Amino acid sequence: MAAAGGPGGPEGPTGPGTDGKKKRKRPKRKGWRRAVPTWRFTLAAVFTVLLLGMGAFVAGYMIVKIPEANAAAVKQSNVYLYADGSQLARDGEVNRENVKLSQIPLEVQRTVLAAEDRDFFSAPAVDPKAMVRAGWNTMTGKGKQSGSTITQQYVKNYYLAQEQTLSRKAQEFFIAIKLDREQSKDEILEGYLNTSFFGRNAYGIQSAAQAYYGVDVEKLTVEQGAYLAALLNAPSAYDVVANPQNRPQVEARWRYVLGGMVKEGWLTDEERDAMEFPVPREAKGSAGMSGQRGYLVQAVKDYLFENEIVSEDVLAAGGHRITTTLQKGKQDALVKAVDDQLMSRVDKKARKIDRNVRAGGVSIDPKTGQVVAMYGGIDYTQQFVNNATRRDFQVGSTFKPFVFTAAVENDSNTQDGRPITPNTVYDGTSNRPVEGWNGPRYAPQNQDQVSYGPITVREATDKSVNSVYVQMAVDVESEKVQRTAVALGVPKTTPNMHPSPSIALGAATASILDMTGAYATLANHGKHVPYTLVAKVTKNGSEVALPERAAKQAVSRQAADTTTSLLRSVVTSGSGTAALAAERPAAGKTGTAEKDKAAWFAGYTPDLATVVSVMGQDPVTGVQTPLYGALGETRISGGGPPAQIWAQYTKNALQGTSPQEFTLRMQDGSDRRLELPGAAGTGSPDGDGTTEPGDTESKSPEEKEEKEEETTPSQEATTGPEESADPGDGTGGTDGGSTSTTGGGQDGGTASTGTTGATDGQTTEGNTSTGTTEGQVIGGQPNTGGTGTSAGESTGSTTDGNTNTGTTTGGTTPGFPPAP
């Protein structure tokens, strides 16, 4: 028998109790497996996190108490200051009237539920999934989202501050849970509807019903309730009266609300389909916001919201001190200029159309981008919409300079390969089909159907020739035109700024503020500085961070400066000569919206860019209207009141400073004016009224320079401030060397007569043309202003080798409005 502890025994060398077999050890984890937690570790970690979470939840629930109401009751004012520190305005008057839930129609309650929290009555007070989703979207740049239920929003409105911070969200979470245990759903919904902000300084649905529809909440319709519910998403932006350009988005949100009601069974498809969007009434600002103050404050608020400096909810809580960039002296000068040049001439009793006259203006320092003055309307308490920031009126021909800037920036050529410069010759024939366009046939007409024949880009800019600029847009490529406009400062989202040939005609509905920013970029030699209305913001003494506004070279200096040289010509000898009254070196462009619903002047000196527009809008219906007959004039053109306002404002705003000259770096040869031969400015180089392949200017450069030096006194008279070279501005015109001495005839008032200008021995492609023109001739047609006549005789002219002799008498050009 083996001894104890011997081989095979219980205490043998193989270990106790193994019966001679050694126990196997767990193999060590090697390589990447060492980084993978074991299941025991993972389970322990999850368990620990759950315990900690539960502990944190219990601790938070115990620690966080339902506070007293935040004090919209002790709400502070926001103070708005001019750049010099003087007070511009003070807001903070709370417009609130609480109502019982029973006073709010059930259908209206449901519109809010459909918009904000459709499961409110059945779901818990908080929605963790929605909060996580909203937090993720915020972190990933998809916009700030609350992910809050109605209960959480009520807690935020009634008990807490509005800032989007983690500590505030944590408080909101726990208070909502507690509140849901202590109050009924009806009580919470009632509180929410009485504390929510709807815009127009209206807190609560009763105040909103009055502010937007002038009725008590009991009389709200489902359609109106759905609109008010839509406002909760973006109160100021979704006010379609103040921001008509946002109406498509607002209507989409309105339909979303009604669609939610259908989905929940609160409304039938038939009922929804029969509903029409309920446009709210025009707002009336508070007395404390009368005059320009309300417009300026609202523009500053919009800037704060759009740049995410301060949210709408946070600003509404008050306590902010906002120093604007507005300069009181310049602000007063702009208001006075509008009053002197426009409003003093409005007579609503004598002329019904004068009720429709509105005006807006903005002035920007090109080097800093600071908005120094703004005119929004006659009075914020009478006309709520800010005409300076609205985006629903066409900008007209003030868009044309962007086409030329794009041409220079992109080294563009004409269809036959010639570089586009101020001296490039285009065919200015009205209704000429655009060449090189792959879309449907497009043949734009010039103002008054005037045909100019061969015309330089410089003169086409002076006279705002549509056919030239539409062709140029195609030559450049309309997509490049659009990109250039955006680079200069026109928002990419501007309505109706489509990349097509018609982009040149200004169908886009950019705001006056937008256009001023773009023209300021031209004035600043192509360097774009994003505009700002705010210099400093503090909240309870602590400064709020403002966004960086780095200057960027939007287009080359050559492109911007060459455009400036064109616009200098518009002021000195084109449709904008009224701007000469500023007594400063200036560049600018006139513009007219379709059917004369708005007239514009956009201009700048080296140190100040300003855009002014006079608009037509029915004060009752809000419909845009032409302004024919307003102020007792046949029409309102950009070279009239807008340019006159611009001139008076610019002169007074810059008073006391030395005039600054433009320092321009332009395309080679672009600073030289090219004069084209030919009678009456019609036809093409061969005199047939069209430009054909091979049509060229035959004179040598030396002969052309001699032509420039031989300007006659009568020709010089047409480029001064007394008589514009624009054939349609009602102050006379120039054609084939003749100078109008009475009225111009274009306004349908008096006959056009003039001195006799003779052209002898002009040679085009070897053909000699000799003739005499008597009277003003435009587009090959004698021009009369309704009652007068004008005769023109042409003898011995040669066209393509054919001699043409004849007399034209009594042709008429109707007294249509002038060129834009």
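Residues numbered from 1 in each chain as written. Predicted model: local features only at pLDDT ≥ 70, side-chain atom pairs only at ≥ 80, totals over all residues. Heavy atoms only, no water.

**Some words on the overall build of the protein chain**
Within the protein chain, the regular secondary structure consists of 22 helices and 24 strands. The 820 residues of the protein chain split such that 51% are buried. Nonlocal contacts in the protein chain, meaning residues at least 24 apart in sequence, comprise 69% of its contacts between residues at least 6 apart. For the protein chain, the accessible surface area stands at approximately 37100 Å², while carbon and sulfur atoms represent 51% of it. (Helix = DSSP H or I, 4+ residues; strand = E, 2+ residues; numbered from the N terminus. Buried < 20%, exposed > 50% of the residue type's maximum accessible area, 1.4 Å probe, protein only. Contact = heavy atoms within 4.5 Å. Areas by Shrake-Rupley, 256 points an atom, 1.4 Å probe, with all protein chains shown as cover.)

**So, the sheet that holds strand S1 (residues 79–81)**
Spatial ordering of the open sheet is given by S2-S1-S5-S11-S12, a layout of 5 strands whose pairing is mixed. Strand pairing shows two members of the sheet lacking a second neighbour, strand S2 (87–90) and strand S12 (542–543), which therefore form its edges. Of the pairings in the sheet, the one linking S1 to strand S5 (residues 320–324) comprises 3 bridges and is parallel in character. Each bridged residue has a counterpart across the sheet, and for Tyr 80 the counterpart in S5 is Ile 322. (Pairing = 2+ DSSP bridges.)

**Some remarks on the environment of Thr 195**
Along the chain, Thr 195 turns up in helix H6 (residues 185–195). Note on Thr 195: relative accessible area 14%, which makes it buried. With 99 residues separating them in the primary sequence, Thr 195 and Arg 96 have C-alpha atoms 8.1 Å apart. Only 2.9 Å separates the side chain of Thr 195 from the backbone oxygen of Gly 191, close enough to count as a polar contact. (Polar contact = N/O pair within 3.5 Å; in protein donor to acceptor, adjacent residues only side chain to side chain.)

**Brief notes about the sheet that holds strand S6 (residues 357–364)**
If you trace the 5 strands from one edge of the open sheet to the other, you get S7-S6-S16-S15-S14, paired in antiparallel fashion. The sheet is open, and its two edges are formed by strand S7 (371–375) and strand S14 (587–592), each paired on a single side. Between one strand axis and the next, the sheet turns by 5 degrees as a mean value, whatever way the strands run. Of the pairings in the sheet, the one linking strand S15 (residues 598–605) to strand S16 (residues 608–616) comprises 8 bridges and is antiparallel in character. From the neighbouring strand, Thr 605 faces S16, where its bridge partner is Leu 608. (Axes fitted to C-alpha atoms, helices over the stretch in contact; angles between N-to-C directions.)

**Side note on the packing of aromatic side chains**
Applying the stated criterion across every chain, the model contains 14 aromatic pairs. Aromatic side chains Tyr 380 and Phe 384 sit 5.0 Å apart centroid to centroid with 45 degrees between the ring planes, which places their arrangement in the tilted category. Cluster of aromatic residues (ring-pair linked, three or more members): Tyr 212, Tyr 213, Tyr 227, Trp 254 and Phe 277. Sitting over the face of the ring of Phe 120, Lys 185 holds its NZ or CZ atom 4.8 Å from the ring centroid. (Phe/Tyr/Trp six-rings, centres within 6.5 Å; stacked < 30°, edge-to-face > 60°. Lys NZ or Arg CZ within 6 Å of the ring centre and 35° of its normal.)

**Digging into helix H9 (residues 247–263)**
A rise of 1.5 Å per residue sets the reference length of H9, with its 17 residues, at 24 Å; its end C-alpha atoms lie 24 Å apart and thus fit the reference within 8%. On its buried face, H9 sits against helix H2 (106–116), helix H8 (222–231) and helix H10 (269–273). Once H9 ends, the next one or two residues include Gly 265, with phi positive near 85 degrees. (Expected span 1.5 Å × (residues − 1).)

**Some points on the nonpolar core**
Within the largest apolar cluster, 90 residues are counted, with the highest numbers of intra-cluster contacts made by Phe 402 and Met 472. Formed by 47 residues, the second largest nonpolar core is a distinct cluster that contains Phe 198, Ala 229, Ala 234 and Leu 267. (Core = buried A, V, L, I, M, F, W, Y, C linked by side-chain atoms within 4.5 Å.)

**Let's talk about the confidence of the model for the protein chain**
Taken residue by residue, the protein chain gives an average pLDDT of 77. The fraction at 70 or more is 67%. Across residues 141–146, confidence stays below pLDDT 50; counting only partners more than four residues off in sequence or on other chains, it has 9 contacts. Considering only residues more than four positions removed or in separate chains, one finds that residues 678–820, a stretch of pLDDT under 50, has 285 contacts. (pLDDT = per-residue confidence, 0-100.)

**Focus on unusual backbone geometry**
A positive phi angle, near 60 degrees, is found at His 525, a position not held by glycine. Relative to the elements of secondary structure, His 525 occurs in the loop between helix H18 (512–523) and strand S10 (527–528). Classification of His 525 as partly exposed rests on a relative accessible area of 22%. Residue Glu 583 is not a glycine yet carries a positive backbone phi of 60 degrees. The class for Glu 583 is exposed, based on a relative accessible area of 55%.

**Considering the packing of H2 against H6**
Where H2 contacts H6, the two axes come as close as 12 Å, and the packing angle between them is 85 degrees. Of the possible angle classes, the one that applies to H2 and H6 is roughly perpendicular. In this structure, H2 uses Gln 109, Val 112, Leu 113 and Glu 116 to contact H6, whose residues at the interface are Leu 189, Tyr 192 and Leu 193. For the contact of H2 with H6, the class distribution of residues is 5 nonpolar, 1 polar and 1 charged. (Parallel < 35°, antiparallel > 145°, perpendicular 65-115°, else oblique. Nonpolar A, V, L, I, M, F, W, Y, C, P; charged D, E, K, R; others polar.)

**A look at the packing of helix H13 (residues 328–341) against helix H20 (residues 641–653)**
It is at 8 Å that the axes of H13 and H20 come closest, and there the two elements cross at 145 degrees. You can see that H13 and H20 cross each other, and the crossing is right-handed. Of H20, the residues touching H13 (which contributes Lys 330, Ala 333, Leu 334, Lys 336, Ala 337, Val 338, Asp 340 and Gln 341) are Pro 641, Gln 644, Ile 645, Gln 648, Tyr 649, Asn 652 and Ala 653. Of the residues assigned to the contact of H13 with H20, the class counts are 8 nonpolar, 4 polar and 3 charged. (Left-handed = near helix turned anticlockwise from the far one by under 90°.)

**Some remarks on the side chain of Asn 243**
Note on placement: Asn 243 falls in the loop between H8 and H9. Take Asn 243: its relative accessible area is 13%, and that puts it in the buried class. Leave out the neighbours within four places in its chain, and Asn 243 touches Ser 236 and Ala 237.

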